[in-house]
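Given next are the chains, with one letter for each unit.
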Amino acid sequence: MHMNSAPHLLTEDRPEYERILDDALRHAHERPDLAAVGERLNPVQLRTMAMAATALITAAAATEYEHYVKAREEIRATGADEDGDPDTGAPGARQSGAGVGVVITVLAPVLAGTAAVIFLLIGYILKALDPPPSFARTMVGAGWFFAAAMAAAILVAGVGLLITALRNGSTSVAAEEHGEEFPEDVARAREAWRHALLERGILPFLRDALADPGAAPAARIPHRSPNRIPKIGYSRPDFTSPDDGPAAAPRPTFTSPDFTSPDFGGPEHELD
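Description of the structure in this document. In this text the structure is predicted, and so the values were computed from the model without any measurement.

## Examining the packing of aromatic side chains
- On inspection of all chains with the given rule, the structure shows 4 aromatic pairs.
- Ring centres of Tyr 68 and Trp 193 lie 5.8 Å apart, and the angle between their planes is 10 degrees; on these two criteria the pair is classed as stacked. In this pair, Tyr 68 sits in helix H4 (residues 62-84) while Trp 193 sits in helix H7 (residues 184-211), placing the two residues 125 residues apart along the sequence.
- A relative accessible area of 1% places Trp 193 in the buried class.

## Things to note about a nonpolar patch on the surface
- Together, Val 102, Val 103, Val 106, Leu 107 and Leu 111 line one region of the surface with nonpolar side chains, adding up to about 460 Å² of accessible area.
- Inspection of the secondary structure puts Leu 107 in helix H5 (residues 89-127).

## So, the pattern of salt bridges
- Counting across every chain of the model gives 14 salt bridges.
- The salt bridge partner of Glu 199 is Arg 31, with a shortest N-O separation of 3.9 Å. Separated by 168 residues along the polypeptide, Glu 199 in helix H7 and Arg 31 in the loop between helix H1 (14-26) and helix H2 (43-52) bring together distant segments of the chain.
- Between Glu 184 and Arg 188 there is a salt bridge whose closest N-O contact spans 3.0 Å. Linking Glu 184 with Arg 188, this pair stays in helix H7, spanning 4 residues, or about one helical turn.

## Brief notes about the environment of Thr 78
- Within the secondary structure layout, Thr 78 lies in helix H4.
- On the accessibility criterion, Thr 78 (41% relative accessible area) is partly exposed.
- Separated by 2.9 Å, the side chain of Thr 78 and the backbone oxygen of Glu 74 make a polar contact.

## Notes on the layout of surface pockets
- As a volume, the largest pocket reaches approximately 220 Å³.
- In terms of lining residues, the largest pocket is bounded by Arg 19, Ile 20, Asp 23, Ala 24, His 27, Glu 30, Arg 31, Glu 191, Arg 194, His 195, Leu 198 and Leu 203.
- Broken down by secondary-structure element, the contributors of at least two residues to the lining of the largest pocket are H1 and H7.
- Looking at the lining of the largest pocket residue by residue, the classes come out as 4 nonpolar, 2 polar and 6 charged.

## Notes on the side chain of Glu 16
- Considering the arrangement of structural elements, one finds Glu 16 in helix H1.
- At 2.7 Å, the side chain of Glu 16 and the side chain of Arg 194 are in polar contact.
- With sequence-adjacent residues up to four places away left out, Glu 16 is seen in contact with Arg 190, Trp 193 and Arg 194.

## Some thoughts on the nonpolar core
- Ranked by size, the top nonpolar core spans 31 residues in total, and within it Ile 57, Leu 197 and Ile 202 carry the most contacts.
- Of all elements in the fold, only H1, H2, H4 and H7 reach the threshold of two or more residues within this core.
- Sort the elements by how many residues they give to this core and H7 lands first, with 12 residues.
- Once residues within four sequence positions are removed from consideration, Ile 202 is found in contact with Tyr 17, Ile 20, Leu 21, Ala 24, Ile 57 and Leu 197.

## Points about H7
- For H7, built from 28 residues, the straight-helix expectation of 40 Å at 1.5 Å per residue is met to within 8% by its first-to-last C-alpha distance of 39 Å.
- The axis of H7 is deflected most strongly, by about 35 degrees, at Leu 198.

## As for unusual backbone geometry
- Residue Asp 130 is joined to Pro 131 through a cis peptide bond whose omega torsion reads 0 degrees.
- Looking at the secondary structure, you find Pro 131 in the loop between H5 and helix H6 (136-178).

The rules behind each value
Residues numbered from 1 in each chain as written. Predicted model: local features only at pLDDT ≥ 70, side-chain atom pairs only at ≥ 80, totals over all residues. Heavy atoms only, no water. Phe/Tyr/Trp six-rings, centres within 6.5 Å; stacked < 30°, edge-to-face > 60°. Helix = DSSP H or I, 4+ residues; strand = E, 2+ residues; numbered from the N terminus. Buried < 20%, exposed > 50% of the residue type's maximum accessible area, 1.4 Å probe, protein only. Patch = residues over 30% accessible without salt bridge, like charges linked within 9 Å, V, L, I, M, F, W, Y side chains within 5 Å. Areas by Shrake-Rupley, 256 points an atom, 1.4 Å probe, with all protein chains shown as cover. Salt bridge = Lys/Arg side-chain N within 4 Å of Asp/Glu carboxyl O. Polar contact = N/O pair within 3.5 Å; in protein donor to acceptor, adjacent residues only side chain to side chain. 1 Å grid on protein atoms, 1.4 Å probe; cavity = no way out; pocket = protein on both sides within 12 Å on 5 of 7 lines; lining within 4 Å. Points joined across faces, edges and corners; volume = space filled by probe spheres on them. Nonpolar A, V, L, I, M, F, W, Y, C, P; charged D, E, K, R; others polar. Contact = heavy atoms within 4.5 Å. Core = buried A, V, L, I, M, F, W, Y, C linked by side-chain atoms within 4.5 Å. Expected span 1.5 Å × (residues − 1). Bend = angle between axes of the 7 residues up to and from the residue.

As structure tokens, this is what we get:
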């Protein structure tokens, strides 16, 4: 990233740009300077124009965006060092503990169910013998015990997964709306970029487009007259008849030959 040029909008930040643009168009009726939305250009046309001019709009907030991206990259680099450093045992221990818990949660129902099937199958087979062995009842009881353990493990695993999903969902929503997944300095940089992008980029672009709809005619969709030809960025050549110059020469005329019937005379002209 060069300091003397506007940073390119990263792919991960394009959804945020679109969200700010959509929010501005959604609340355009609340701004007097955007009251003309829907009269000459509708929100769909304005959004198409703004998406085509993404580089131009984001350049207005280039300084804030560069600061935000730099702060975010530093935080990510720090987090990657902490997670991947073999000398620091705390992150690895947390991940190891979480991994053991997941393994136990997954394997407990499987092991308990397998033991229940084995004990019940052997126990009932032994009870079918005549006379049944004394430990057949013990095998059946152990089978039902493991069956109950399997049901309890499945219940615990389901509740754990539900709690984890709810926690992650609420964290994702809060992070998306308020940027709480970042430290305070990164969150401030992100908010500064959002504000600059809206006030110095998106809103001025929308005002200019409404004041001069012909500035981007390629995005317009004519709807007033079905016979009107839309402008596509260039004008048609003007063809006019010459006012001066020599008069056109007369076109040659052709006359068909005169065909006359042969002139028959008296008997002296009769053919022998």
